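Reading the structure
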Amino acid sequence: VIDTSYTGERPVSFLLFQYLTIDKYAQRDLKKGLHLYGTDGNIGLTNAWSIIQTDFRCCGVSNYTDWFEVYNTTRVPDSCCLEFSENCGLHSPGTWWKAPCYETVKIWLQENLLAVGIFGLCTVLVQILGLTFAMTMYCQVVKADTYCA
């Protein structure tokens, strides 16, 4: 007799462990990325963080104190402010978003998983069609060169 509870627990515990490990590494890498915020050559990353913090009404990866390590002082980017104004990130924590961006975005992705999945599949389909058409054109050009030469 095979104990099915044991055979079922093993894959589930393995997947849970992998999920938690990936979760931990993602947060660590995002926190490292905060240090590139506002630096030369990283305008895309800077804009991405500003947009995420503004649109999702959050601040930092785990919380707003993540920015303290970046600036080496009690300060956050202006995109963390409840009401945006120049240098509002220098004011008190009472004027900043409290929600962690990592959890906020993760919850949004979970709630919109179907739409994100469909978008991903459509992107893959367009890429495959593009490759197929490019290969067809290449074969036609090679075929035409063979007959014309």
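Please refer to the structure higher up on the page.
In this text, all values refer to a predicted model and were calculated from it rather than measured experimentally.

Right, let's get into the overall build of the chain. Each helix and strand counted, the chain has five helices and zero strands in total. Going residue by residue from the N terminus, the α and β elements of the chain occur as α-α-α-α-α. In the chain, which comprises 149 residues, the proportion classed as buried is 21%. Counting only contacts in the chain whose residues sit at least 6 apart along the sequence, the fraction spanning at least 24 positions is 49%. Split by element, the accessible area of the chain, about 10,900 Å² in all, is 67% carbon and sulfur.

It is worth spelling out helix α4 (residues 101-111) at this point. Because an α-helix completes one turn every 3.6 residues, residues spaced three or four positions apart along the sequence face the same direction. When we look at burial in α4, the residues that qualify are Cys101, Tyr102 and Lys106. Down the axis of α4, the smallest arc covering the buried residues is 125°, so these residues share one side.

It is worth spelling out the state of the cysteines at this point. If you walk through the whole model with that rule in mind, you get three disulfides. Two residues, Cys58 and Cys101, share a disulfide whose sulfurs are 2.0 Å apart. The sign of the S-S torsion, about 100°, decides the handedness of the disulfide formed by Cys58 and Cys101: right-handed. Separated by 43 residues along the polypeptide, Cys58 in the loop between α2 (43-55) and α3 (66-71) and Cys101 in helix α4 bring together distant segments of the chain.

Cut-offs and rules
- Residues numbered from 1 in each chain as written.
- Predicted model: local features only at pLDDT ≥ 70, side-chain atom pairs only at ≥ 80, totals over all residues.
- Heavy atoms only, no water.
- Helix = DSSP H or I, 4+ residues; strand = E, 2+ residues; numbered from the N terminus.
- Buried < 20%, exposed > 50% of the residue type's maximum accessible area, 1.4 Å probe, protein only.
- Contact = heavy atoms within 4.5 Å.
- Areas by Shrake-Rupley, 256 points an atom, 1.4 Å probe, with all protein chains shown as cover.
- Arc of directions from axis to C-beta.
- Disulfide = S-S within 2.5 Å.

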